[in-house]
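Architecture and fold: a report
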Amino acid sequence: DQQVKQNSPSLSVQEGRISILNCDYTNSMFDYFLWYKKYPAEGPTFLISISSIKDKNEDGRFTVFLNKSAKHLSLHIVPSQPGDSAVYFCAATLFTSGTYKYIFGTGTRLKVLA
Amino acid sequence: EPEVTQTPSHQVTQMGQEVILRCVPISNHLYFYWYRQILGQKVEFLVSFYNNEISEKSEIFDDQFSVERPDGSNFTLKIRSTKLEDSAMYFCASSAEGHGTQYFGPGTRLLVL
């Protein structure tokens, strides 16, 4: 049961352009969404998050948009830099059995071309 | 900046052997997690731990798995009798609050032969 989906396994973008990473979810009870970046042989690192009561959160070059009616969120990176090349995971949290559970998407590999 | 650490970075073991993966979470964090990522697949939740007990566990976390916080700083994942399909990258994470951002360690790459 894939509750959090990232349908694009990979994305290539020219340096300086916008990268848009997409994530769809099925469970309307998710209350918090996060994006993590992962380099090879390293653990995921937190990038940006958004509460389900908001539709946009911005942090420097990174902006996350949430469309609850469409159950869709996206991460925009502007301008993209070669150092942004990594795998990006979206995650959603669900309060269940008295605790919060993270559910990760399958990841999108972003390659920023110099 | 505080970080989650994991040891060992790599572990090779024979099928049927027990392995213990160790994690030192960020010191003021109260919630602890283990995840795994099989090569080429998504990050999968295994278990969450709070107040010295398991809060939530996934279907993957069967009787072969156990977690422990033996001394107030380490958080360990034990696999009693490893199987080939346990080969994966295992990530520990911690958070200050149940709803808070999780901070991940660098992972332990486990290879079961």
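Anyway, here's the lowdown on the structure attached to this text. (Residues numbered from 1 in each chain as written. Chains lettered and ligands numbered in written order. Predicted model: local features only at pLDDT ≥ 70, side-chain atom pairs only at ≥ 80, totals over all residues. Heavy atoms only, no water.)

1. Looking at the nonpolar core
The tendency in soluble globular proteins is for nonpolar side chains to be buried as a group. Inclusion rule: Residues belong to one nonpolar core when they are buried, are Ala, Val, Leu, Ile, Met, Phe, Trp, Tyr or Cys, and are joined through side-chain atoms within 4.5 Å. Any residue under 20% of the maximum accessible area for its type is buried, any over 50% is exposed, and the rest in between are partly exposed; the area is computed with a 1.4 Å probe on protein chains only. For the purposes of this entry, the term helix denotes a DSSP run of H or I that reaches at least four residues, the term strand denotes a run of E that reaches at least two, and both are numbered from the N terminus. Between two residues, a contact is recorded if the distance between any of their heavy atoms is within 4.5 Å.
In terms of nonpolar packing, the biggest core is built from 25 residues, with A:Phe30, A:Phe33, A:Trp35, A:Leu73, A:Leu75 and A:Tyr88 touching the most fellow members. Here this core takes 5 residues from strand 9 (residues 86-96) of chain A, the largest share from any one element. Residue contacts for A:Leu75: discarding those within four places in its chain leaves A:Ser19, A:Ile20, A:Leu21, A:Trp35, A:Leu47, A:Ile48, A:Phe62, A:Thr63 and A:Tyr88. In terms of nonpolar packing, the next biggest core, distinct from the first, is built from 23 residues, B:Cys23, B:Ile38, B:Leu46 and B:Val67 among them.

2. Observations concerning the pattern of salt bridges
Opposite charge on two side chains lets them pair, provided their charged atoms get close. Cut-off, in case you're wondering: For this analysis, a salt bridge means a side-chain nitrogen from Lys or Arg found within 4 Å of a carboxyl oxygen belonging to Asp or Glu.
Taken as a whole and judged by the stated rule, the model has 3 salt bridges over all chains. In this structure, the salt-bridge partner of A:Asp84 is A:Arg61, at a minimum N-O distance of 2.8 Å. You can see A:Asp84 sitting in the loop between strand 8 (72-77) and strand 9 and its partner A:Arg61 sitting in the loop between strand 6 (56-59) and strand 7 (62-67), a full 23 residues away along the chain. Given a relative accessible area of 2%, A:Asp84 falls into the buried group. Residue B:Arg36 pairs with B:Glu44 through a salt bridge whose shortest N-O separation is 3.1 Å.

3. Observations concerning the sheet that holds strand 3 (residues 19-25) of chain A
The test is simple: DSSP calls a pair of strands paired once it identifies at least 2 bridges connecting them.
The strand order across the open sheet built from 5 strands is 1-3-8-7-6 (chain A), with neighbouring strands paired in antiparallel fashion. At either margin of the open sheet sits one strand with a lone partner, and together these are strand 1 (4-5) and strand 6 of chain A.

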